[in-house]
Amino acid sequence: MASTSLDKDRIKILLLEGIHQNAVDTFRAAGYTQIERRTAAVPEAELPGLLEDVHFLGIRSRTQLTADVLEAAEKLVAVGAFCIGTNQIDLEAAAEKGVAVFNAPFSNTRSVAELVLAEAILLLRGVPEKSAQAHRGTWAKSVGTSREIRGKTLGIVGYGNIGKQLSVLAEGLGMRVVFHDTSDVLPLGNARPVATLEELLEQSDIVTLHVPEAPTTQGLIGKAEIAAMKPDAVLINASRGTVVDLEALASALEGGHLAGVAVDVYPTEPRSNDDELDTPLKGLDRVILTPHIGGSTLEAQENIGAEVAGKLVRYSDNGSTETSVNFPEVVLPPHPDCHRILHVHRNVPGIMAAINRVFSDLGVNVDAQFLKTSNDLGYVVTDVEAKTSEGALDALRNIEGTIRTRVLY
Ligand code: NAI
């Protein structure tokens, strides 16, 4: 079989769940024409039939890509999760089939940071409580404990993408920023690291959480941590629901501790908009409750469209797997004038020797080779002189442990 790069007109792209038009534009700009965009999610039972001849699939959080579904999607090369989470995809099964998965971890960073800043302002002004009173017809016009955020100390727990973005914006509004992170991270602007979480809790007027969901962050803010906060401080959680003990928070608020709280994420969240939210914070006037919308803005959706489609195009055109969530990451230069052979394999001893034996036996002239392995998977990319790639692909396919091969030119 001749080693042919698949024609872009024959590459089928299916985008489900109302992915932004931006994604379609990104594919079109890169020369792809067979793009179908659907607004709804597809039930799991219908996916195998639908995905039979799809090469690139875009989904959001409602499409369940189980091992069985992936098994049926014979031509699938890569999946774009046009969201942050990838729990809806069996990543291991995808890797075993040689299907790379990409997502958009940073597209909504700014959206979260803006919401947190807005909440910090509203909470220090006592707006949630005043708004609730006004809804009940109570006219509570008084300075009371209303404060500006200027000059106040913002304590950021988890100084990653969102924490840093927030740090810069908060300093722009005249806040003093301290942060605590378990990794050694570079402070931006005048932000200062503090050695312990306790230290941060004791000195912050606003505590905001931006840590990942992990066993080490579960219950990070419990009764003792809440008690360590200043009595008139406010707490904001737009990270993950498991990070804060909401029962402890509710009883602290009921006891008059803390000026206010904003919560966007919950230990158990309703599965759909038809289900009800259950939280001990319901009905408390000093609390802003939002339905996990920290990262949900039109701008973030637009960014996600371009970011994930861009990654799929890059993988399709050039083979780069940078930021893939289930594949070894290889960042590749352009490959003018040569054929690029991609080989995804089980990471077993001797496979590289077998691959290179193919090239040497067939007299293939190798220009460059890139290799990365992670866990059980290996990804080797070999740039070869155009006229010598013929035949190599077939031989590579027959190597024991090969999962998938592709050639690009
Ligand atoms: P990131 O991975 O860039 O940053 C997390 C930081 O937390 C890292 O610097 C890490 O070293 C640090 N960290 C980990 N464990 C820690 C601990 N025990 N104490 C202190 N620091 C710790 O993550 P990113 O993108 O900033 O996201 C932060 C959180 O926000 C994540 O949980 C993410 O799922 C959530 N998120 C929520 C959204 C929403 O809609 N509410 C939207 C986007 C993200």
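Residues numbered from 1 in each chain as written. Predicted model: local features only at pLDDT ≥ 70, side-chain atom pairs only at ≥ 80, totals over all residues. Heavy atoms only, no water.

Here we come to the pattern of salt bridges. As enumerated under the stated definition, the model contains 14 salt bridges in all. Asp232 serves as the salt-bridge partner of Arg147, at 3.3 Å between the closest nitrogen and oxygen. Placement of Arg147 in the loop between α6 (127-135) and β6 (153-157) and of Asp232 in the loop between α9 (223-228) and β10 (234-237) is noted, with a sequence separation of 85 residues between them. Since its relative accessible area comes to 37%, Asp232 is described here as partly exposed. (Salt bridge = Lys/Arg side-chain N within 4 Å of Asp/Glu carboxyl O. Helix = DSSP H or I, 4+ residues; strand = E, 2+ residues; numbered from the N terminus. Buried < 20%, exposed > 50% of the residue type's maximum accessible area, 1.4 Å probe, protein only.)

Here we come to the sheet that holds β6. Taken together, 7 strands build an open sheet; the order of strands is β8-β7-β6-β9-β10-β11-β12 and the sheet is parallel. Two strands in the sheet have a free side with no partner beyond their single neighbour: β8 (192-193) and β12 (287-289). Contacting β6, β7 (176-180) and β9 (206-209), helix α7 (residues 161-172) runs over the sheet at an angle of about 170 degrees to β6. (Pairing = 2+ DSSP bridges. Contact = heavy atoms within 4.5 Å. Axes fitted to C-alpha atoms, helices over the stretch in contact; angles between N-to-C directions.)

Once that is clear, we can look at the domain arrangement of the protein chain. The assigned domain composition of the protein chain is domain 1 (1-108 + 297-327), domain 2 (109-289) and domain 3 (329-409). Distance from the C-alpha centre of domain 2 to the C-alpha centre of domain 3: 50 Å. (Domains from an automatic or database assignment.)

A few words on the environment of Asn237. Along the chain, Asn237 turns up in strand β10. Counting along the chain gives 77 residues from Asn237 to Gly160, while the straight-line C-alpha distance between them is 15 Å. Setting aside anything within four residues of it in sequence, one finds Asn237 in contact with Leu209, Val243, Val244, Ala262, Val263, Asp264 and Val265. Within the structure, the side chain of Asn237 is placed 2.7 Å from the side chain of Ser239, a separation counted as a polar contact. (Polar contact = N/O pair within 3.5 Å; in protein donor to acceptor, adjacent residues only side chain to side chain.)

Before going further, it helps to spend a moment on the site of the ligand. Asn161, Ile162, Asp181, Val211 and Asp264 are the nearest of the 23 residues found near the ligand. Between the ligand and Asp181, the relevant distance is 2.6 Å, taken from an oxygen atom to a side-chain nitrogen or oxygen of the residue. Between the ligand and the protein, one listed contact pairs an oxygen atom with a backbone N or O atom of Val211 at 2.7 Å. Protein burial of the ligand: of its 870 Å² of free accessible surface, 83% is covered by the chains. Residue composition of the shell around the ligand, grouped by class: 7 nonpolar, 13 polar and 3 charged. (Near = heavy atom within 4 Å. Areas by Shrake-Rupley, 256 points an atom, 1.4 Å probe, with all protein chains shown as cover. Nonpolar A, V, L, I, M, F, W, Y, C, P; charged D, E, K, R; others polar.)

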